[in-house]
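Commentary on secondary and tertiary structure
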Amino acid sequence: MLDNSAASVTIRRVDYTPPAFAIDKVELEFDLAPLTTTVTNRMQLRRAPGASARDLVLHGEDLELVRAEIDGKPWTGVQVSTDGLTVSNVPEQPFELTLVTTNRPSANTSLSGLYVSNHNFFTQCEAEGFRRITYFLDRPDVMTTYTVTLRASRADYPVLLSNGNLVETGELPDGRHFARWHDPFPKPSYLFALVAGKLVAREQRIRIRSGEEKLLQVWVEPHDLPKTEYAMQSLVHSIEWDEERFGLPLDLERFMIVAVGDFNMGAMENKGLNIFNTKYVLADAETATDIDFSGIEAVVGHEYFHNWTGNRVTCRDWFQLSLKEGLTVFRDQEFSADMAAAGGSPEAAAAARAARRIDDVRGLRQNQFAEDAGPMAHPVRPDSYVEINNFYTMTVYEKGAEVVRMYQTLFGRDGFRKGMDLYFARHDGQAVTCDDFRAAMADANQRDLTQFERWYSQAGTPHVSATAQYDAAARTFDITLTQGYGPASADAKATQKGPLLIPFAIGLVGSDGKDLPLRLAQDGQVLAEPQTTRVLELTETEQTFRFVDVAEEPLPSLLRNFSAPVIVSYDYTDAQLTFLFAHDSDPFNRWEAGQRLATRALLSLADAAARGDALSLDPEIVAAFGRVLRDSTLAPAFRELALTLPSESYLAEQIEEADPAAVHAARLFFRRALANGLRDDLMAAYEQNRVEGLYEPSAVDAGRRGLKNVALSYLADLDDPDDAAELARAQYDSADNMTERSAALVTLLQIGPSAARAPLDDFYLRFEKEALALDKWFGMQATRRGAPGERVLDDVGALMAHPAFSLKNPNRARALIFQFCMGNAAQFHATDGSGYAFWAEQVLALDAINPQVASRLARSLERWRKFTPALREKMRAALERVAAGVQSKDVREVVEKALAP
Ligand code: TRP
Ligand code: ZN
């Protein structure tokens, strides 16, 4: 079974030392069988220049050593431990080490290393899974070339895949066969992969710009083949986009994507053989929503873009994870934005881009900001970790992407491209650091980016507060920006050493709602041509910027397009926010004005609810939302986003002592006020945004469906929801796609369990054999609002016993358990503490099966100190219960950090 019980050891970035040995090449042979697989590993090793170690220390976990040889002769100087193998007194000269080991794929429930899913074999090696396959220098700065031979029963495993190019196949005695693969590109072990089983492929041949032909394959179980069209199309678009935008071509003859139903994360960028969670490959109109389609496009892009940013140039050590992840998320965001914008009018393209940006920022602020304010806060380039799997975080990925985006904001697209070109010219084939990337950006743009390094080394979300002063006689407008940090853990505080370089985009809006020309005075000089948006570079703790020739007192539009991952405060009045919500030319800030307006009202409603006071909402606010809802010059996708209120968990983060019940009551009151105040407009939006004709997951159609369904959901919050119930029932019955069907069902669940009963049963029967659709069925019941006094947890408990539920399948566990604990705040935080007891039970149950998944769930209580005293104490008890029973270092790191004083 899993042996994760070893004492927790903290790994520190400052302790990095280069490897003592290099591996010139490796040959792996697999005799695949589910119970016991035998791996023969033949490595050509040599001491690294200058290294003199007598012993070779290899990583290894859960392996059985069968045999060790050096240069073809048995070697007895080997010592096996729980985490590796020491080979002593190895030769001075280069030598060949052969190790034969066995492992147990069908017993591997951690889904790290070699495992079985639905009778097929898969691997997952990032970050440290390769050591569960064979003894190795399992660290990203050890790169070598792999030749891999797979042997297995032909009947059971007709398809045998690994990285690179297929060089040989053939028959073996006893109904077995083999395939040999060679990957010409040196790679770290975390990019190794193999797949074996009963799979079929959708294939496509494409010609890249050099004229070379490439073979693309998407491998799935046979019955899923019709659901691979969109993934293939996304792959083709990704390849074209990376050549067009960054001049980066596909470098292998063949590129494969494989889908697997049991997977810990979204997908994995193994060289030439990407392995994907089915969720990010399989889609058709009946079973996947608009959001699923857009997730597939983004993740296919993300993994493909890793081929250059991650694989050709990789990380020196895991502290540099954001080097590949932050950069690759930035690239997939840009790709998705370009795809959404393609083909439309300039206005439609701008709206589509803005919608993507708003979505990305909303995710960052909801999740990464909370992470950065809690006990797991860490810099984009962390200084230490106990379990590296715990550092595949929002900070490394999403804040890391914002840090990369800031280079582009500072230098423009062309300057950014120059930096990328220099990065590849310098580092192709190497394992490097975040500093190397920054140096390439600095050198290509002749800029000193010393101060910018702080974005990588300081934890916590920066705060920028702004004040403004208009001098009518002098026609000057001064804006003073002050930067600092909010409350943070002691560890995070210790990283906060000085002011950041913050690219701060600003516009000045005149009384007619139009942008004023900006003339910035600096060092007594007026800078360049007037513009309407200017990126100020804030480098000091406090700095004042002066605009000249400002004809009237303007309203500042701050941090346009969210030009830096910071929290901005400025004393806007409600009337000023209403004005910006109606006029700001920057679509991000137009949306932002609405969010600020709503957040302020919601927080004061929550305050009133917590005190037991009567709730009321200024009709001007309702009117402001109504104007945006009715404005048909705005893209439906934008209007949908504008109408979507900040989530309960985001609002709770804004309160010193959060009371989830009060937040829930506040948000519901606000929704009801909008529904009652805008009933006719919502009805009109519903009717006008029906999409006729064949389903297409295009940004435009998805935007219309999104607006229509958000309107439906508001209508369901009317005092009398009968009309909404009728619309939802009709929509459910007539739906020819999952977006419409699931939105209708979610709305019926919102109205109440009895309204949803029949369609829920229908949904189950319809999709009984469709795992991803069934995940939705579990998820929507787990996130159901529930009437006051009603315990949705009781439904969740019953669903845990449903024959289709399994804790071993991460997607299913996420659909039911995570959705309840992380996506249903008011129910999870029930005052009786039942949600927390359930959480503790499930974390411990998962811990024994799959520590990576358990540890993600464990994190849903890390903000426990932010809640009211009564809840806090119950949360502490649940955390202590987990701390007492935990086995894995994954979960232990999370709960110990959460409980630390
Ligand atoms: N490198 C993967 C990505 O972001 C992440 C990943 C996939 C992963 N599977 C994993 C990380 C398992 C840790 C463990 O594209
Ligand atoms: Zn990635």
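Below: a short report on this structure. (Residues numbered from 1 in each chain as written. Chains lettered and ligands numbered in written order. Predicted model: local features only at pLDDT ≥ 70, side-chain atom pairs only at ≥ 80, totals over all residues. Heavy atoms only, no water.)

A closer look at the overall build of the protein
In plain terms, the rule: Put simply, DSSP marks the helices as runs of H or I at least four residues long and the strands as runs of E at least two long, and each gets a number from the N terminus on. Here the globule rule is a power law, 2.2 Å times the number of residues to the power 0.38, and the radius of gyration is based on C-alpha atoms. Accessible area is worked out with a 1.4 Å probe on protein chains only. A residue is then buried under 20% of its type maximum, exposed over 50%, and partly exposed in between. Methods summary: accessible areas were calculated by the Shrake-Rupley approach with a probe of 1.4 Å, and residue burial reflects only the protein chains presented. Two residue types count as positive, namely Lys and Arg, and two as negative, namely Asp and Glu; His and chain ends fall outside the count. We put the charge of a Lys on NZ, of an Arg on CZ, of an Asp on CG and of a Glu on CD.
Each helix and strand in the protein was counted, giving 27 helices and 33 strands. Against the 2.2 N^0.38 benchmark of 29 Å for 901 residues, the protein shows a C-alpha radius of gyration of 28 Å, consistent with a compact globule. Taking the principal axes of its C-alpha atoms as reference, the protein extends roughly 90 × 70 × 60 Å. Considering the protein as a whole, with its 901 residues, one finds that 59% of them fall into the buried category. Surface accessibility of the protein: about 34,400 Å² in total, with carbon and sulfur atoms responsible for 50%. Charged side chains of the protein number 95 positive and 127 negative; the gap between the two group centres comes to 2 Å.

What about the nonpolar core?
How we decide: Grouping buried Ala, Val, Leu, Ile, Met, Phe, Trp, Tyr and Cys residues that are joined through side-chain atoms within 4.5 Å yields what is termed a nonpolar core. Contact between two residues is taken to exist if any of their heavy atoms lie within 4.5 Å; hydrogens are not considered.
Judged by nonpolar contacts, the single largest core of 274 residues is most densely connected at Phe670 and Trp839. Sorting elements by how many residues they give to this core places helix α5 (residues 394–427) first, with 13 residues. If near-sequence neighbours (up to four positions away) are discounted, Trp839 is found in contact with Cys821, Phe828, Leu857, Ala858, Ser860, Leu861, Ala878, Leu879, Val882 and Val895.

Some points on the pairing of strand β13 (residues 159–162)
In the case of a regular strand, side chains alternate between the two sheet surfaces. The condition is simple: Strand pairing is defined by DSSP finding a minimum of two bridges between the two strands.
Covered by surrounding structure in β13 are Val159 and Leu161 together with Leu160 and Ser162, the residues of both alternating faces. Here β13 runs beside strand β16 (residues 194–197); their pairing, made up of four bridges, is antiparallel. Counted as the bridge partner of Leu161 is Val195 from β16.

What to know about the sheet that holds strand β7 (residues 78–81)
Through backbone hydrogen bonds, the strands of a sheet pair up, either in parallel or in antiparallel fashion. What counts is decided by this rule: In this description, a line fitted to the C-alpha atoms serves as the axis of each element, helices being fitted only across the stretch in contact, and the angle between N-to-C directions of two axes falls anywhere from 0 to 180 degrees.
The strand order across the open sheet built from three strands is β4-β8-β7, with neighbouring strands paired in antiparallel fashion. Among the strands making up the open sheet, the edge pair consists of β4 (56–59) and β7. Pairs of neighbouring strands in the sheet enclose a mean axial angle of 15°, with direction left out of account. Pairing between β7 and strand β8 (residues 84–87): four bridges, direction antiparallel.

Let's talk about the site of ligand 1
Which entries qualify depends on this criterion: In these notes, residues near a molecule or strand are those with any non-hydrogen atom within 4 Å of it. Residues adjacent in sequence count toward polar contacts only when both atoms are side-chain atoms; beyond that, a polar contact is any pair of N or O atoms within 3.5 Å, and within protein one must be able to donate a hydrogen and the other to accept it. Residues are grouped as follows: Ala, Val, Leu, Ile, Met, Phe, Trp, Tyr, Cys and Pro are nonpolar; Asp, Glu, Lys and Arg are charged; all remaining types, including Gly, are polar.
In the vicinity of ligand 1 there are 16 residues, among which Glu126, Ala267, Glu269, Glu303 and Tyr397 approach most closely. Here a nitrogen atom of ligand 1 and a side-chain polar atom of Glu126 are 2.5 Å apart. A distance of 3.5 Å separates a nitrogen atom of ligand 1 from a polar atom in the side chain of Lys324. In the complex, 97% of the free accessible area of ligand 1, which totals 360 Å², lies under the protein chains. Residue classes in the shell around ligand 1 are distributed as six nonpolar, five polar and five charged.

Considering the sheet that holds strand β29 (residues 525–526)
Taken in spatial order, the six strands make up an open sheet running β29-β28-β31-β26-β25-β33, and their pairing is mixed. In this open sheet, the two strands that pair with only one neighbour each are β29 and β33 (567–569).

Some words on helix α15 (residues 679–688)
Which entries qualify depends on this criterion: Here the arc refers to the set of directions running from the helix axis out to each C-beta atom.
Buried residues of α15: Asp681, Leu682, Ala685 and Tyr686, and no others. Down the axis of α15, the sector holding all buried residues measures 140°, keeping them to one side. When the buried face of α15 is taken as reference, the exposed residues oriented beyond 90 degrees from it are Asp680 and Gln688.

Considerations on the coordination of the zinc ion (ligand 2)
Put simply, the rule reads: Coordination shells were defined by N, O and S atoms within 2.8 Å of each metal, extended to 3.2 Å for Na, K and Ca; water is absent from the atom set, which can make sites look incomplete. By the criteria applied here, four donors are tetrahedral when all angles lie between 85 and 135 degrees, four are square planar and six octahedral when opposite donors are over 155 degrees apart and every other angle lies between 65 and 115, and any other arrangement is irregular.
Looking at the zinc ion (ligand 2), the protein donor atoms are His302 (NE2), His306 (NE2), Glu325 (OE) and Glu325 (OE), and they sit 1.9 to 2.7 Å from it. For the zinc ion (ligand 2), the six donor atoms in the first shell make angles of 47 to 160° at the metal, a pattern classed as irregular. Residue His302 is classed as buried on the basis of its relative accessible area of 8%.

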